[in-house]
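Remarks on the overall topology
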Amino acid sequence: NIILCSTEIPTDKELRDQIFRVLQEALADQKGKLRDTVLVVRSAKRDIADVVAKLSSTQNNVVIAASEDVEYVTALVRKLAGLTKDKRIVLYGLNGWTGMETLEAKDLEVLKTCIPASTWIDHDDPRVQRFVRDYRALYQNEPGDFAFLGFDVSYFYLTALYRFGPGFPAHFAEVTTEPLH
């Protein structure tokens, strides 16, 4: 039971429409399997009754919230978290949610919330640990995202320059590095 919801704020509506198109394309590729459908719910800022009404008691409910409106997201998460005893719910949100102080970690956890991230740093990777150790020693500070990104970009270009000399731009597709970030 896939439920795509958002407010009628223009930016949310545009995002909801984009996600809907991508979901429809992905579901269309599911040949030979049961075809899921996406239920689209448009709500007012604090009104999530329509989302709750679409939840199934017998199926897994995948709720995709295409909104970064703090008021709406907070109301949605709180309400859905309270329903997890009776309904199986997985919530998909947006990266902007990571900065919302109104969201309780326990609510996000009980909803098995998934939030896409455009970057990720594996702090268990020995290369990352070495980078962090060296960065701390050199700058007496913790490396942020830009430190990792700067290292990765520099490493890529220096590898290209080392392998192909000044004509390296003609060989970008042949340069392979494993980024930290």
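Refer to the structure presented above.
Residues numbered from 1 in each chain as written. Predicted model: local features only at pLDDT ≥ 70, side-chain atom pairs only at ≥ 80, totals over all residues. Heavy atoms only, no water.

1. Quick word on the overall build of the chain
Of the regular secondary structure elements, the chain holds six helices and four strands. For the chain, the sequential pattern of α-helices and β-strands runs β-α-β-α-β-α-β-α-α-α. Scaling as 2.2 N^0.38, a compact globule of 181 residues should have a C-alpha radius of gyration of about 16 Å, whereas the chain reaches 22 Å, well beyond that. For the chain, the spread of C-alpha atoms along the principal axes amounts to about 60 × 45 × 30 Å. Within the span of the chain, comprising 181 residues, buried residues form 34% of the whole. Contacts in the chain between residues at least 24 apart in sequence constitute 63% of all its contacts with a sequence separation of at least 6. Of the charged side chains in the chain, 22 are positive and 26 negative; the average position of the first set lies 6 Å away from that of the second. (Helix = DSSP H or I, 4+ residues; strand = E, 2+ residues; numbered from the N terminus. Rg over C-alpha atoms; globule rule 2.2 N^0.38 Å. Buried < 20%, exposed > 50% of the residue type's maximum accessible area, 1.4 Å probe, protein only. Contact = heavy atoms within 4.5 Å. Lys, Arg positive; Asp, Glu negative; His and termini not counted. Charge placed at Lys NZ, Arg CZ, Asp CG, Glu CD.)

2. Some points on helix H5 (residues 126–139)
Look at H5: 20 Å from first C-alpha to last across 14 residues, which is about the 20 Å you get at 1.5 Å a residue. Regarding H5, the residues found buried are Val-128, Phe-131, Val-132 and Tyr-135. In an axial view of H5, the angular spread of the buried residues amounts to 100°, which keeps them on one side of the axis. Of the exposed residues in H5, the ones pointing more than 90 degrees away from its buried face are Pro-126, Arg-133 and Ala-137. (Expected span 1.5 Å × (residues − 1). Arc of directions from axis to C-beta.)

3. Some words on the sheet that holds strand E4 (residues 88–92)
What the four strands build is an open sheet, ordered E2-E1-E3-E4; its pairing is parallel. The sheet is open, and its two edges are formed by strand E2 (38–43) and E4, each paired on a single side. In this sheet, adjacent strand axes meet at a mean angle of 25° when their direction is disregarded. As judged from the five bridges shared by strand E3 (residues 60–65) and E4, these two strands associate in the parallel manner. Bridge assignment links Ile-64 to a residue of E4, and that residue is Tyr-92. Running at roughly 165° to strand E1 (residues 2–7), helix H1 (residues 10–28) makes contact with E1, E2 and E3 of the sheet. (Pairing = 2+ DSSP bridges. Axes fitted to C-alpha atoms, helices over the stretch in contact; angles between N-to-C directions.)

4. Describing the pairing of E3
Two strands pair when backbone bridges link them, and E1 and E3 are joined in this way by four bridges, in the parallel orientation. Each bridged residue has a counterpart across the sheet, and for Cys-5 the counterpart in E3 is Ala-65. Handedness of the crossover is the feature at issue here: the chain leaves E3, passes through helix H3 (residues 70–82), returns alongside E4, and the resulting connection is right-handed. (Right-handed = clockwise from strand over helix to strand, strands pointing away.)

5. Looking at the environment of Asp-69
Topologically, Asp-69 is positioned in the loop between E3 and H3. Asp-69 sits 28 residues away from Trp-97 along the chain, and the two C-alpha atoms are 9.1 Å apart. Of note is the side chain of Asp-69, whose polar atom sits 2.9 Å from the backbone nitrogen of Tyr-72. (Polar contact = N/O pair within 3.5 Å; in protein donor to acceptor, adjacent residues only side chain to side chain.)

6. Structural notes on a nonpolar patch on the surface
Together, Phe-146, Leu-149, Val-153, Tyr-157 and Phe-172 line one region of the surface with nonpolar side chains, adding up to about 500 Å² of accessible area. By the element assignment, Leu-149 lies in helix H6 (residues 145–164). Among the residues examined, Leu-149 registers a relative accessible area of 38% and is labelled partly exposed. (Patch = residues over 30% accessible without salt bridge, like charges linked within 9 Å, V, L, I, M, F, W, Y side chains within 5 Å. Areas by Shrake-Rupley, 256 points an atom, 1.4 Å probe, with all protein chains shown as cover. Salt bridge = Lys/Arg side-chain N within 4 Å of Asp/Glu carboxyl O.)

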